[in-house]
Amino acid sequence: MSSKDGLTLGDLYRGLREQFAAAGVPEPEVSARRIAAEASGTSAAEVALAPQTPMTVRMVAHADAMATRRVAGEPLQYVLGSWGFRKLDLAVDSRALIPRPETEVVAGIAVDWLNGTARHRRPAGLNAADLGTGCGAIALSIAHEAPHARVFATDRSADALALAAANLAGLGSAAARVSLHQGNWFEALSELQDPHADVRAAGPLRGRLDLVVSNPPYVADGDVLAPEIDDWEPHEALYAGPDGLSALRTVVRDARGWLAPGGLLVLELGAAQAQAAAAMATARGYEDVRIERDLAGFDRVLVASRPQSEPDEPELSAAVEWLHDGGFVVAPTDTLCGIMARYADTEAVARVCEAKERPRTEPMPILVSGLEQADELVELSPAARALAQQHWPGGLTLVAKRRGGPDPLHGRETLGVRAPAPGWLRWLIDDVGPVTGTSANRHGLPTPADASEAAALLAARPGETTVPGRVIRGLAAGETASTVVDVTGDKPIVLRAGAVPAEALEFPEIPTETGT
């Protein structure tokens, strides 16, 4: 568009709109209005309210330069150089993703939780981490809207952090509560200490985050994105492996140990990834796992909490190491105290049988963190999987055909699997793999509710004075034993009544794919 005497703001807008429409620019009216406003130094509303405002040669030249970039396919946000996000106006360019409405929903969930539940729980101060901060949209919104929060923003891209730093400079006094750290996910925070040491015991930041929030990459490598996205926005912030879940897996897995008890995880995800993400969080031992929708009604946000009460992490870490080394662990569960060994370690399972004085030919149930681990052990029909999704974690043991042939110890073709209710136990199993789920007692004898007592009785043989294996201290919940169901056939068959009533065990209807 060239300048001419008497050109008005309305003329500029109409000319831009016609140019964008002819070039096939999406939503040409929006781009025309925003570029006309930027060039003239007015607001988008004034483009319509004051169309007779005269334009200078410099204004028209500025509009022409932006229009050329927009016609070339560059996103409107990058052309303008700034974009609104919640209550902030942020500098944006190709060093980081464009802030989008679904990410505003993510930030809103985080802010509301920090100003509500978290603030009442820890009024002296809160710690929040924004992983993969990009231009800083989420981190800066939290600092601006949640005045009790200290925010740690990370990104592995130095360019993205430079853009976030530019935005931080314009935040005002709230900027003092934000720090930027370069590195991959939690690695960027590994050397940091809790900044609230003056009101609570000093210590590392790990295990003391009240909130972990992120908009990680979640596009599968083979997915085709619109050219406006694929050609301009940074690929390392978009693509995440063959299934688009690699970054989500990393954050869900590692955040479990970085969050304080009761801390919240909030993650943006793709609209088709809700079920997979929720299953990851459940298997990792989070509780209150839910999926929130964005403003368009799509499933776009994973929300999950670290349980408030569970064994100390050093005790769990020692148990994990012991299990990996071939030992067994006595621990409280949702029913009785159990004696656990890695199911993949046949010799360790044999030692469990020896400690219990249980015949090796008698099968024992196997505890899994969720369906992903169960699928590695047994063959589950779609109906059996749906039944597990209804009742796991909890009191349902599924007996199914074992993958890879008969069990090496008991020799049977089937195996019973269950996902236990305690989050910390699923966390442990997620780390070490499926474990034995048998009661921590001598075969046929009662099981003490206290794990230390149960372990001591297992060791009480002539000449033995030490407790075998390792103990995770605590009392078993004493809930009703699991219902055991054979799912190898067309209908579930109850082998042992238990926590799940028989009337709740019909196979769900599974829709048949017709291809139409």
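Residues numbered from 1 in each chain as written. Predicted model: local features only at pLDDT ≥ 70, side-chain atom pairs only at ≥ 80, totals over all residues. Heavy atoms only, no water.

A.B. asks: Just give me the short version of the nonpolar core, but keep the residues and values in it.
C.D. replies: Counting residues in hydrophobic clusters, the biggest one holds 39 residues, and the most contacted among them are Leu 114, Ile 142, Leu 171, Leu 211, Val 213 and Val 266. Ignoring sequence-local partners within four residues, the contact set of Val 213 consists of Val 106, Ala 110, Ala 129, Asp 130, Leu 131, Ile 138, Ile 142 and Val 266. Judged by nonpolar contacts, the second largest core, of 29 residues, contains Trp 185, Phe 186, Trp 258 and Ala 277. (Core = buried A, V, L, I, M, F, W, Y, C linked by side-chain atoms within 4.5 Å. Buried < 20%, exposed > 50% of the residue type's maximum accessible area, 1.4 Å probe, protein only. Contact = heavy atoms within 4.5 Å.)

A.B. asks: Which residues make up the sheet that holds strand β11 (residues 337-340), and what are the values?
C.D. replies: Hydrogen bonding along the main chain pairs the strands of a sheet, whether they run parallel or antiparallel. A sheet is described by the order of its strands in space; here four strands give the open sequence β17-β11-β10-β18, paired in mixed fashion. What marks the edges here is a single partner per strand, and that holds for β17 (438-439) and β18 (470-471). One ladder, built from two bridges, connects β11 with β17; its direction is antiparallel. Each bridged residue has a counterpart across the sheet, and for Ile 339 the counterpart in β17 is Thr 438. Of the strands in this sheet, β10 (329-332), β11 and β18 are in contact with helix α12 (residues 313-324), which crosses β10 at around 140 degrees. Helix α17 (residues 451-459) rests against β10, β11 and β18 of the sheet, and its axis sits at about 145 degrees to β10. (Pairing = 2+ DSSP bridges. Helix = DSSP H or I, 4+ residues; strand = E, 2+ residues; numbered from the N terminus. Axes fitted to C-alpha atoms, helices over the stretch in contact; angles between N-to-C directions.)

A.B. asks: I'd like a description of the pairing of strand β8 (residues 287-293), backed by residues and values.
C.D. replies: Where β8 and strand β9 (residues 299-305) come together, five bridges link them in antiparallel fashion. Looking across to β9, one finds that Arg 293 is bridged to Asp 299. Between β8 and the antiparallel strand that follows it, β9, lie five residues; Gly 297 among them carries a positive phi value of about 90 degrees.

A.B. asks: Report on α12, specifying residues and quantitative values.
C.D. replies: For α12, spanning 12 residues, the distance from its first C-alpha to its last is 16 Å, which sits close to the expected 16 Å at 1.5 Å a residue. Within α12, burial applies to Glu 315, Leu 316, Ala 319, Val 320 and Leu 323. One face of α12 carries all of its buried residues, which in axial projection span an arc of 140 degrees. Looking at α12, the residues exposed on the side facing more than 90 degrees away from the buried face are Pro 314 and Glu 321. Against the buried residues of α12 lie β10, β11, α16 (423-432) and β18. (Expected span 1.5 Å × (residues − 1). Arc of directions from axis to C-beta.)

A.B. asks: Break down helix α6 (residues 101-121) for me, citing the residues and quoting the values.
C.D. replies: With 21 residues, α6 should cover 30 Å at 1.5 Å per step; its first-to-last C-alpha distance of 29 Å lies within 8% of that length. Helix geometry: α6 is bent most strongly at Leu 114, by close to 40 degrees. (Bend = angle between axes of the 7 residues up to and from the residue.)

A.B. asks: How would you explain the packing of aromatic side chains if you had to name every residue and give the values?
C.D. replies: If you walk through the whole model with that rule in mind, you get one aromatic pair. Summarising the aromatic geometry, the rings of Phe 186 and Trp 258 are spaced 5.2 Å apart at their centres and angled 15 degrees between planes, so their arrangement reads as stacked. Of this pair, Phe 186 sits in the loop between β5 (178-182) and β6 (209-214) while Trp 258 sits in helix α10 (residues 246-258), placing them 72 residues apart in sequence. Residue Trp 258 is classed as buried on the basis of its relative accessible area of 7%. Directly above the aromatic system of Phe 152 lies the positively charged group of Arg 150, at a separation of 4.7 Å from the ring centroid. Positioned above the aromatic ring of Tyr 286 is the side chain of Arg 256, whose terminal nitrogen or guanidinium carbon lies 5.9 Å from the ring centre. (Phe/Tyr/Trp six-rings, centres within 6.5 Å; stacked < 30°, edge-to-face > 60°. Lys NZ or Arg CZ within 6 Å of the ring centre and 35° of its normal.)

A.B. asks: Account for the environment of Ser 190, naming residues and giving values.
C.D. replies: Residue placement: Ser 190 occurs in the loop between β5 and β6. Classification of Ser 190 as partly exposed rests on a relative accessible area of 44%. With 18 residues separating them in the primary sequence, Ser 190 and Arg 208 have C-alpha atoms 12 Å apart. Of note is the side chain of Ser 190, whose polar atom sits 3.1 Å from the backbone oxygen of Glu 187. (Polar contact = N/O pair within 3.5 Å; in protein donor to acceptor, adjacent residues only side chain to side chain.)

A.B. asks: Report on the side chain of Asp 407, specifying residues and quantitative values.
C.D. replies: Residue placement: Asp 407 occurs in the loop between β14 (396-402) and β15 (414-418). Residue Asp 407 is classed as buried on the basis of its relative accessible area, which comes to 6%. Among the polar contacts made by the side chain of Asp 407, one reaches the main-chain amide nitrogen of Leu 409 at a distance of 2.8 Å. Once residues lying within four places of it in the same chain are set aside, the contact partners of Asp 407 are Tyr 343, Arg 402, Arg 412 and Leu 415.

A.B. asks: I'd like a description of the packing of α12 against α16, backed by residues and values.
C.D. replies: Running from N to C, α12 and α16 point in directions that differ by 35 degrees, and their axes come no closer than 10 Å. Of the two possible hands of crossing, α12 and α16 adopt the one that is right-handed. The residues of α16 that touch α12, namely those facing Glu 313, Leu 316, Ala 319, Val 320, Leu 323 and His 324, are Trp 424, Trp 427, Leu 428, Asp 431 and Val 432. Among the residues making up the contact of α12 with α16, the classes are represented as eight nonpolar, one polar and two charged. (Left-handed = near helix turned anticlockwise from the far one by under 90°. Nonpolar A, V, L, I, M, F, W, Y, C, P; charged D, E, K, R; others polar.)

A.B. asks: I'd love a proper account of the sheet that holds β8, names of residues and values included.
C.D. replies: Ordered in space as β5-β4-β3-β6-β7-β9-β8, the seven strands form an open sheet in which the pairing is mixed. Looking at which strands have only one partner, the edges of the open sheet turn out to be β5 and β8. Across the sheet, the axes of successive neighbouring strands diverge by a mean angle of 15 degrees, strand direction being ignored. Helix α8 (residues 158-169) contacts β4 (149-155) and β5 of the sheet and is inclined by roughly 170 degrees relative to β5.

Nothing here speaks to function; it is geometry throughout.
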